[in-house]
Structures are given as structure tokens and as C-alpha cells.
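What follows is each chain in one-letter form.
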Amino acid sequence: MKVVDLPFVRKPTRSLCLTALSLACVSSAFAQSSSPPLTPDQRADQLIKRMSLDDMHHMVQSYNTMIPQQPPGGIGTAGYVPALPALGIPALQENDAGIGVHNYPVGKDKNGQPTLVRGVAGDATPLPSLLGLAATWNPQIAYAGGSMIGGEAHSQGINMLLAGGINLAREPRNGRNFEYLGEDPLLAARMDGAEIRGIQSQHVLSTIKHYALNAQETNRLTVSSNIDERAMRESDLLAFEMAIEDGHPASVMCGYNKINHVYDCSNSHLLNDVLKHDWKFPGWVMTDWGADHGVNDALDGTDQVSGIDLGSGFSIGSMSSSFGAPLTQALANGTVPRSRLQDMVHRILRSMYAGGLFADPPVIKPLNADVDALVSQHAAEQAIVLLKNDHAQLPLSANVKTIAIIGGHADAGVLSGGGSAQVWPIGGPAIPASQPPVQNVWQWMVYDPSSPMKALQKMMPGVTVRYDDGSDPTRAAALAKSSDVAIVFATQWMCEAIDAPNLSLPNGQDALIDAVAAANPHAVMVLENGGPVKMPWLSKVGAVVEAWYPGARGGEAIAGVLTGKVNPSGRLPITFPQDEQQLPRPQLTDALDVDYNIEGAAVGYKWFDEKKLEPLFPFGFGLSYSHFGYSDLHVNTKGDRVTVSFKVTNLGDRAGMDTPQIYVGMPANSGEAPRRLGGFEKVALQPKESRTVTVTIDPRLLAVFDVQGDQWQVAGGSYPIQVGRSSRDLVLNGTAAVAAARIAP
Ligand code: GLC
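Residues numbered from 1 in each chain as written. Predicted model: local features only at pLDDT ≥ 70, side-chain atom pairs only at ≥ 80, totals over all residues. Heavy atoms only, no water.

Caption draft 1: Layout of the state of the cysteines. Using the criterion set out here, one finds one disulfide in the structure. Here cysteine 254 engages in a disulfide with cysteine 265; their sulfurs sit 2.2 Å apart. When the S-S torsion is 110 degrees, as for the bridge of cysteine 254 with cysteine 265, the disulfide is right-handed. Of this pair, cysteine 254 sits in strand 9 (residues 251–254) while cysteine 265 is found in the loop between strand 11 (262–263) and helix 9 (268–278), placing the two residues eleven residues apart along the sequence. Comparing cysteine 254 with cysteine 265 shows no difference in burial state: the two are buried. (Disulfide = S-S within 2.5 Å. Helix = DSSP H or I, 4+ residues; strand = E, 2+ residues; numbered from the N terminus. Buried < 20%, exposed > 50% of the residue type's maximum accessible area, 1.4 Å probe, protein only.)

Caption draft 2: Layout of the pattern of salt bridges. Following the criterion strictly, the structure yields 41 salt bridges and no others. As a salt-bridge pair, glutamate 234 and arginine 230 come within 3.0 Å of each other at their nearest N and O atoms. Given a relative accessible area of 6%, glutamate 234 falls into the buried group. Residue classification places arginine 230 among the partly exposed positions, given a relative accessible area of 30%. (Salt bridge = Lys/Arg side-chain N within 4 Å of Asp/Glu carboxyl O.)

Caption draft 3: Looking closely at the site of the ligand. If you check the shell around the ligand, you find 13 residues, and the closest are Asp96, Lys209, His210, Tyr256 and Asp288. In the environment of the ligand, an oxygen atom lies 2.5 Å from a nitrogen or oxygen atom belonging to the side chain of aspartate 96. Contact distances for the ligand include 2.9 Å between an oxygen atom and a side-chain N or O atom of arginine 176. Starting from 310 Å² of accessible surface for the ligand in isolation, the protein chains cover 94%. (Near = heavy atom within 4 Å. Polar contact = N/O pair within 3.5 Å; in protein donor to acceptor, adjacent residues only side chain to side chain. Areas by Shrake-Rupley, 256 points an atom, 1.4 Å probe, with all protein chains shown as cover.)

Caption draft 4: Seen up close, the packing of helix 5 (residues 139–154) against helix 13 (residues 369–383). The interhelical angle for the contact between helix 5 and helix 13, taken along N-to-C directions, is 150 degrees, at an axis separation of 10 Å. Considered as vectors, helix 5 and helix 13 are oriented roughly antiparallel to each other. Crossing hand, helix 5 versus helix 13: left-handed. Note on element contacts: helix 13 touches helix 5 through Asp372, Val375, Ser376, His378, Ala379 and Gln382, opposite Ile141, Ala144, Gly145, Met148 and Glu152. Grouping the amino acids of the contact of helix 5 with helix 13 by side-chain chemistry returns five nonpolar, four polar and two charged. (Axes fitted to C-alpha atoms, helices over the stretch in contact; angles between N-to-C directions. Parallel < 35°, antiparallel > 145°, perpendicular 65-115°, else oblique. Left-handed = near helix turned anticlockwise from the far one by under 90°. Contact = heavy atoms within 4.5 Å. Nonpolar A, V, L, I, M, F, W, Y, C, P; charged D, E, K, R; others polar.)

Caption draft 5: Spotlight on the nonpolar core. Counting residues in each nonpolar core, the largest one holds 149 residues, and the members touching the most others are Met51, Met59, Tyr211 and Leu349. Broken down by element, this core gets its largest block of residues, eight residues, from helix 6 (residues 185–200). Two domains each donate at least three residues to this core, and these are domain 1 (375–573) and domain 2 (627–743). Beyond its immediate sequence surroundings of up to four residues, methionine 59 is in contact with Met51, Val81, Leu84, Ile89, Gln304, Val345, Ile348, Leu349 and Met352. Within the second largest apolar cluster, 37 residues are counted, among which are Ala404, Ile513, Val533 and Leu616. (Core = buried A, V, L, I, M, F, W, Y, C linked by side-chain atoms within 4.5 Å. Domains from an automatic or database assignment.)

Caption draft 6: The arrangement of the packing of aromatic side chains in detail. By the definition in use, this model includes 13 aromatic pairs. Ring geometry for tyrosine 630 versus phenylalanine 646: centroids 6.2 Å apart, planes at 65 degrees, classification edge-to-face. Of this pair, tyrosine 630 sits in strand 23 (residues 628–638) while phenylalanine 646 is found in strand 24 (residues 641–650), placing the two residues 16 residues apart along the sequence. When sorted by exposure, tyrosine 630 lands in the same class as phenylalanine 646, which is buried. (Phe/Tyr/Trp six-rings, centres within 6.5 Å; stacked < 30°, edge-to-face > 60°.)

Caption draft 7: Structural context of the side chain of glutamate 599. In this fold, glutamate 599 is placed in the loop between strand 22 (593–595) and helix 18 (605–610). Only 2.8 Å separates the side chain of glutamate 599 from the side chain of arginine 585, close enough to count as a polar contact. Those residues in contact with glutamate 599 that lie beyond four places of it in its chain are Arg170, Pro584, Arg585 and Trp607.

Caption draft 8: Representation of the sheet that holds strand 33 (residues 729–738) in the model. Read from one edge of the open sheet, four strands run 27-26-32-33, paired in antiparallel fashion. Either end of the sheet is taken by a strand with one partner, and the two such strands are strand 27 (675–680) and strand 33. The mean angle between the axes of side-by-side strands here comes to 30 degrees, regardless of whether they run parallel or antiparallel. Pairing of strand 26 (residues 661–665) with strand 32 (residues 717–726), which is carried by four bridges, proceeds in the antiparallel orientation. By the bridge assignment for strand 32, valine 664 is matched with isoleucine 721. (Pairing = 2+ DSSP bridges.)

Caption draft 9: Inspection of the sheet that holds strand 8 (residues 224–226) at higher detail. What the four strands build is an open sheet, ordered 11-10-8-22; its pairing is mixed. The sheet is open, and its two borders are formed by strand 11 and strand 22, each paired with just one other strand. Strand direction decides the pairing type here: strand 10 (residues 258–259) and strand 11, joined by two bridges, are antiparallel. Within strand 11, the residue paired with isoleucine 259 across the bridge is valine 262.

Caption draft 10: Broad picture of the pairing of strand 14 (residues 385–389). When you tally the buried positions in strand 14, you get five out of five residues, the bulk of the element. Two strands pair when backbone bridges link them, and strand 14 and strand 21 (residues 543–546) are joined in this way by four bridges, in the antiparallel orientation. Directly across from lysine 388, in strand 21, lies its bridge partner valine 544.

Caption draft 11: How the structure looks around the confidence of the model for the chain. Put simply, the chain has an average pLDDT of 93, and 94% of its residues get 70 or more. For residues 14–31, every residue scores under 50 in pLDDT, and the model assigns this stretch ten contacts once sequence neighbours within four places are set aside. (pLDDT = per-residue confidence, 0-100.)

This is how it looks when you write it as C-alpha cells:
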């Protein structure tokens, strides 16, 4: 899927040259010798022959070194598997996560600020949130971002990122939606696969997580996600299936929750039948931290228990976890056959070989901070979604002389999400980090030090910019009244292990926005949020800019869009509901059973289409400072392969990017939601320039999952094919005559 070329895509590490060189050597050697180079699987098998039972046992547990004192070889990561030097096996250093290299809080200093396990706050470059990355609809941006954070990990001695969060947004109040890629399997898979490829291009392994249906944080350790097999296969599992095919992650992390009352990490159907048998996944399954439930997890498909405590004296080989003493006993009495342990270790070692961990171990070196920050800024610029722009309120006019900047600590920085995905930004937090009322050592609210106000002042030097913190709506309204334009920055902090109570902006921000909008008819809203929010003030403001958690250069990206230096090109990866009543579950309960059969596979826009609901803003929506036309639709079918081509034209007078989306309709009697995203492509066009886009639709997106037959089934028939600007703005209409087909998973 070719899209705009991007600068700053980090080249694979030096080992690419070495690999080229070694390939040259190998090929010449090959020319002389008969045996081809060994595959990762063959190399793993050779190594296992030299391993004792204890050596193998050593590999199937990782240790929690998010602790003040480090054991020998520990560097302060979430999961540490010590090296086995006699066998030449390097240590595994497993660190969070998908937005950048996390540093673990292990305590507080005298100022109440966190003390971090590795140095001072500020040693990595945060990308925008993954929800923001998804809003770019640009896999190249995701690849570049993954490559950047992978390189930063490699430079800090880390050889695995616990990235690849892809749980579908079934619950808009889920505290971790900012770590995931929205509501659609295809979009989530394309973006996740690309980020994973980017990370692994730096010879740093990646996970994909949390497998599966870990869709809310409330009761996350015990809640059961209840859903029929077919619905699960056509939604959450399809996202994992396509992302694994695209990204080839080294490891799958099984989640905390249950599915139909069986824990993810004890779920043989999920792990053995689906992941390892149907999808032929060659890597290893690691548990989430504390998600193991007994030694039988080894028989159910789990290969490694994560983050066990070292106990006193750093006793490596801790007997505490399910794979400690219980595994030793199970191997001794045959409950767990030695062949299963060999398979567990084979999966880990073959992935370490395939990922380059033996050939290209991490090299500690300074970060390329400025280049890395630009990668983040490019992502943020393409993530920003322009939701409203009445009377071309934006970009800000050259006649504007005074601007009021209100709230959101916009004079200092931009908000980011909390928990294990947090990145402690280079330069340190913009303002002192703070904690929610009920807190764990690792839950912190951090503002990245990139001020939208300062960036705006730089871009509009002749304009008077005044700031109000928004704590007093009356005072803020007075400033707004005396300014040409008032820009309100509204924030919604989301965090791991905490769900939002509702979809409202917290802390009385709606009242602040009302007061400012009443005082200035040219009010502009900028949102820094972790998921969809309600907008009771929408009709009273001139423009709304969705900036998500915009990362290391979020301020510059926001200012770029406000001034027109950047033409906004983001599209919503998640539906914004009018209110909670439109949701499959209007109340987010703390029940230990969640019925996902209410919507089944109809997640997000599919639910809204099926129930004929009008969202506040639909999936795929986003405005531009230009506008684009679609024409010349051609639909060609060959068996179950449908290829769609059409022309996109930039009808405006400025360069811009657009993401036309292809939606496939389901046959009326299929009992499925009316349409599914079947393809998309982001294109950059100069004014009046046209481009022909051609996309082949994955036949699984036309299919239903036949549970009895354990296969995808495409019904023969005529399928509506539509090209649109969003799931609710469909411009071109065609049909595809598709032959019946069965597709093995
Ligand atoms: C957490 C998270 C997981 C993370 C792991 C290590 O509980 O659920 O996403 O990678 O523990 O920090």
C-alpha cells in the first residue's frame, strides 16, 4: 500500500549492511559448499540439543526488574531473562511499549516526583498515542514510528518492546484505548503490523497484545469477555490474525481477562487451536504480568510466564510462578512432557534468531533526539483530525492580532496517557507529574514538554498571545472577549487500570468552553484525549481540532494545523457517539461478566450502521483545508478476489492528503452489519492533481466465519462496493459479483 514518502524513516540497523556483507560471504561460501544457511528454526533446534533441562527451564520465565536494585545483568525492564553465556544465548530485556521506551517508576523523591528505575525522567521520545497513529491511516507513518522507538530501545540495551496493542475499541471509556488502534480490524491490523515491522527492523523484538478481548480496565484481572466464536473470529481475532500476518511479531502476549470464563493464558482453544494451529504462529506466547494461572497453562499454549519476582537475594529460577517449582514437578512426573518444554524453548529461541538478537545485540549509544522528535512530529501532524471548521475559521487568518490561549497547560506542554505505555520525555515532564486519587507507583499524569502556545508564538510572531489556565471560566471568558480568537485546550487523561466513568470531558471543562464560546464567536477547540468525548458545546464553537495525545512535538504539530502550515489529514479511527445511550452497554458496570454478544462482530461504526444510529462524528471522518473528488470507479472480480480502482482528485487550491475508504456491503440476508471497511489508501496530492488508487480486498472481509467448518466462507452473490470519505459519506457506488469460496484460516 504505497503512500506518501516519508523522510526520517530510520534505516535498519548496521546489521543490514553486515547482513548484506554476510549474505555475500554466505552466498560465495554457499557456492563452494552444498548446505544452505540454517534457518532460525534449525539454529534453535541445534542449540536445544546442547541445553540441559535446567537451561530450558531458565528460558520460560522472565523476571520483574522494575525494582530499585538490579540483579546481575538487570537493566530495569519489565521482563528479564538472564543470558546463558556458555550457550551463547543473550539476555532478553523486555520493556514497554508501543508509544516509546517506557521507564519504570520505583518510588518518589523529596518533591513527590517519581524516581525511575533507569536514570532521570526524560530518556526517550514519545510518539503520539497509538489511537493518534491509527488516525493517520498511514502504515508508513506507523513503520517510521516503530522504527524510531525500536532504535531508541536498541540504544538503551533493550531487545524487546512489549508493543503491538491492538484490542478493538468495544468500550469507548476503556482507559487503554489510547494504546490501541481503534474499532476496525483492517485499520488496526495494517497500522499495528507496520509498527511491529518498524520496531523489528531495528533488531528489537515486538509483542502483539493483549490476546484477546481485553477491552476494558474495570476488573481487568478477573472479568470474563463473553462472545460467540464466530463474532470473535470476525472482529478481535481477525485484527490479530491480519496484524500477525503483516508484522510477524516475535511474541503474542495473552491478556489478564477471561473469554467465556476461561482465562486467556489458560485458553487452549485461543492459544493452541486458533493461534498455533489455524494461524501457524511460530513465535512464543508470553503472559501478561501476573496473568498465569497454574502450570497447566503450559499445556494450554502459554510458553513463558512474565515478570516474576526475584525474591530475596535475586534467586534466579524463582520457584514462585506457575513455571517455577510446579513446572519442575510437572516435568518430573510427566504431566508436562519434556517435548512440550522443548517446544516452548524452541519458539523463544527461533524468534530471537529470526529477530537478529544473536547477530545484532543492543549497542548503548546516545539517542538521535532531534531526528527522533521529527519522526514523532510527522506522525502527530498526520494524526490531527479537523472535526469542525465553520466559515473557514481555520487556518488562523493573517488579520488575527490577538489570541487567547486557554487551559490544558498549553503554555507548557501536551497531555499523554498513563500506565505502562507512558514515556518519560526527553527534557522531563513540562509540569510536575501528578497522580490520580487512587494510585499505583506506575500511574502518572505527564505533560510532554512541547507547548502549543510557544509554537504558535513562533509561527505568528506579530500576534499578541495571552494565556489563561482556565481554572476560572469568568476570567477566561473575559480574556476571550478581548481577543480576536480564543483557543481552548481541553484534556481527558486516560490511564491503564482505570476506565473513564463516562464520555464527558472531566473537571468542568464543558462549562469553561460554554463560557468562552459565549464570549467569543470565533472559539476554537483543541482536544487532547484518550478516546471519544461528548461535545455539548459543539454548536457554539467555530472549529474543533482532535489532537489526541500528540507526543514529543505535539505543540508544533497543533500549531502547524492552526496556522495552516500543516493541512490536516487525520481521519477518525473510532466513532464519536452522541452520548452513552447509543452504546451497546450504556453503563460501564463492574460486573465480572461482559456480554459482547450484544454487538458481536458489529464493533463501532458497524453497530451504528446496524442500529441506524447517528453518531456525533462517524468512523473515517476528517476535514481538510482542501477538498477531494472521487471518480471513475471500476470493480473487477476474479473468484473471491475483488479489486477496486478509482480516481482521487485534489479539487482545492492547496496541497493536501486524503484517505479514500472502500466499504464492502454484505448480502442483505447475511445477518451481518451493513458494511465493513475493505480497504483504504492515503494519498498526497498537489492542487488539481489526480491519482488512481487500486486496492484488492482481503476475501476474509467479504466472508463470515464458519465455526463448524473452521474456515472462512464467502457466499456467492452481489456485494455493494462503496468509496467514501467516511463510513457515513459514501460517494461512489458499484457492485462486485463474487463466486462462493471457502478460505482455510
Ligand atoms: C501490564 C500491562 C502490559 C505490560 C506489562 C508489563 O500490566 O497489561 O501491557 O506490557 O504489564 O509492564
